[in-house]
Amino acid sequence: MANIKSQIKRIRTNEKAQLRNKSSRSVIKTAIRRFREAIAAGDSKVIAEELRLASKTLDTAVSSGVIHANAAANRKSAMAKQANKAGTR
């Protein structure tokens, strides 16, 4: 355990940020999972909607610094390819 007052505060703030980031990553995973389930079901309207929601979730995570912008772009690109292959958009 740290003895320095500023380091003790830093540990506390890091723990808060870690919990926020964990929650955000969980939301991202859920959105991507729902998109994959929509792909498996094959309904084009649902696929398009889930792609939109997953992309929005990834963009939100980027703006809050949870994931890197390029990582989000790669995931969105892969999902768009899957959606196009499934015959939507």
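For the structure itself, look to the data block above.
Residues numbered from 1 in each chain as written. Predicted model: local features only at pLDDT ≥ 70, side-chain atom pairs only at ≥ 80, totals over all residues. Heavy atoms only, no water.

Asker: I'm lost on the overall build of the protein in this one. Help?
Answerer: Scanning the protein for helices and strands turns up three helices and zero strands. The N-to-C order of helical and strand elements in the protein reads α-α-α. In summary, the protein has a C-alpha radius of gyration of 17 Å against a globular reference of 12 Å for 89 residues, an excess of more than 25%. In terms of its C-alpha atoms, the protein occupies a principal-axis envelope of roughly 60 × 20 × 15 Å. Within the protein, the 6 negative side-chain charges are centred at a point lying 10 Å from the centre of the 20 positive side-chain charges. (Helix = DSSP H or I, 4+ residues; strand = E, 2+ residues; numbered from the N terminus. Rg over C-alpha atoms; globule rule 2.2 N^0.38 Å. Lys, Arg positive; Asp, Glu negative; His and termini not counted. Charge placed at Lys NZ, Arg CZ, Asp CG, Glu CD.)

Asker: I keep staring at the packing of helix α2 (residues 44–63) against helix α3 (residues 69–86) and nothing clicks. Help me out?
Answerer: Describing two packed helices takes the angle between their axes plus the distance from one axis to the other. The geometry of α2 relative to α3 is characterised by a closest axis approach of 9 Å and an angle of 175 degrees between their N-to-C directions. With respect to their mutual orientation, α2 and α3 come out roughly antiparallel. The segment α2 lies against α3, with Ile 47, Leu 51, Ala 54, Ser 55, Leu 58, Asp 59 and Val 62 engaging Ala 69, Ala 72, Arg 75, Lys 76, Met 79, Ala 80, Ala 83 and Ala 86. Here the contact of α2 with α3 is composed, by residue class, of 11 nonpolar, one polar and three charged. (Axes fitted to C-alpha atoms, helices over the stretch in contact; angles between N-to-C directions. Parallel < 35°, antiparallel > 145°, perpendicular 65-115°, else oblique. Contact = heavy atoms within 4.5 Å. Nonpolar A, V, L, I, M, F, W, Y, C, P; charged D, E, K, R; others polar.)

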